[in-house]
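Given next are the chains, with one letter for each unit.
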Amino acid sequence: QVQLVESGGGLVQAGGSLRLSCAASGRTFSSYAMAWFRQAPGKEREFVASISRSGDNTNYADSVKGRFTISRDNAKNTVYLQMNNLKPEDTAVYYCALGYFSDYVGSRISEYTTWGRGTQVTVSS
C-alpha cells in the first residue's frame, strides 16, 4: 500500500513562496494521478491542484491559478506544489492524495484513495 508524507510547510509572509513536497512509498505512484488539497480551520477540505500520471495534464482551483504550480518526478516518487505570491487566505493544512485514476485530474475528494497526514502552511499579513 502506498504511503504519502508531505513536507515543506512553514510560516511565510504574504507575497512569499514555499514549495511543498509529497514523497510516496510503493511502486504504484507513477501509475496514478496525484493531487493537493487543503483545509483551513473551521472549513471543509478543498481542492487545490491535480496532475496526471505523466504530468501532461493538470487542473487548478480558481483561487490558486497563476500562483501555484503542481509537478511530479516519477523517478523520485514525489509530487510538488510550488506556491508563489502567497496570501493569508492560503493558510491551511495541505494534504497530498493518490488518485483512483491515471489520467483524470479530478477535483473531488472521493476521486482520491490515499492521503498523507498534511503539512501546515501559515501566511502572515
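In the block above lies the structure referred to throughout.
The residue numbering used here restarts from 1 in each chain and proceeds along that chain's sequence as written. Totals for whole chains, interfaces and linings use every residue, but because this is a predicted model, local features are given only for residues with pLDDT of at least 70 and side-chain atom pairs only at 80 or more, for both listing and counting. Side-chain figures throughout are based on the complete set of non-hydrogen atoms in the structure, without hydrogens or water.

**Description of the packing of aromatic side chains**
The following threshold applies: Stacked, tilted and edge-to-face pairs are distinguished by plane angle, under 30 degrees for stacked and over 60 for edge-to-face with tilted covering the rest, among Phe, Tyr and Trp rings (Trp via its six-membered ring) whose centres lie within 6.5 Å. Geometrically, a lysine NZ or arginine CZ counts as sitting over a ring once it is within 6 Å of the ring centre and also within 35 degrees of the ring normal.
By the definition in use, this model includes 4 aromatic pairs. These aromatic residues form a ring-pair network of at least three members: Phe37, Phe47, Tyr112 and Trp115. In this arrangement the basic side chain of Arg72 is found over the ring face of Phe29, its NZ or CZ atom lying 4.6 Å from the centre.

**Considering the pairing of strand β7 (residues 68-73)**
Put simply, the test is: The cut-offs for exposure are 20% and 50% of the maximum accessible area for each residue type, with area from a 1.4 Å probe on protein chains only; residues under the lower value are buried, those over the upper are exposed, and the others partly exposed. Each helix is a run of DSSP H or I of at least 4 residues and each strand a run of E of at least 2, with the numbering of both proceeding from the N terminus. When DSSP locates at least two bridges between a pair of strands, those strands are taken to pair.
Burial of the side chains of β7 is restricted to one face: Phe68, Ile70 and Arg72 are buried, whereas none of Thr69, Ser71 and Asp73 on the reverse face is. Linking two consecutive strands that pair antiparallel, namely β7 and strand β8 (residues 78-83), is a turn of 4 residues; a positive phi of about 50 degrees is found at Asn77 within it.

**So, the sheet that holds β8**
Convention followed: Axis definition: a line fit to C-alpha positions, over the contact stretch in the case of helices; interaxial angles, taken between N-to-C directions, run 0 to 180 degrees.
Taken in spatial order, the 4 strands make up an open sheet running β1-β3-β8-β7, and their pairing is antiparallel. Each edge of the open sheet is held by one strand with a lone partner, namely β1 (4-7) and β7. Pairwise comparison of adjacent strand axes, ignoring direction, gives a mean angle of 15 degrees for this sheet.

**A few points about the environment of Phe101**
Stated formally: What makes two residues a contact is simply this: any of their non-hydrogen atoms within 4.5 Å.
Turning to its location among the elements, Phe101 is positioned in the loop between β9 (92-99) and β10 (112-115). With relative accessibility at 42%, the residue Phe101 sits in the partly exposed group. On a C-alpha basis, the gap between Phe101 and Lys43 in space is 27 Å, while along the polypeptide they are 58 residues apart. Other than its neighbours up to four places away in sequence, Phe101 contacts Tyr32 and Ala33.

**Remarks on the pairing of β8**
With 5 of its 6 residues buried, β8 lies for the most part within the structure. Pairing geometry for strand β3 (residues 18-24) and β8, over 6 bridges, is antiparallel. Bridging from a neighbouring strand, Cys22 pairs with Val79 of β8. In the sheet, β7 pairs with β8 via 6 bridges, with the strands oriented antiparallel. The partner of Thr69 across the bridge, within β8, is Gln82.

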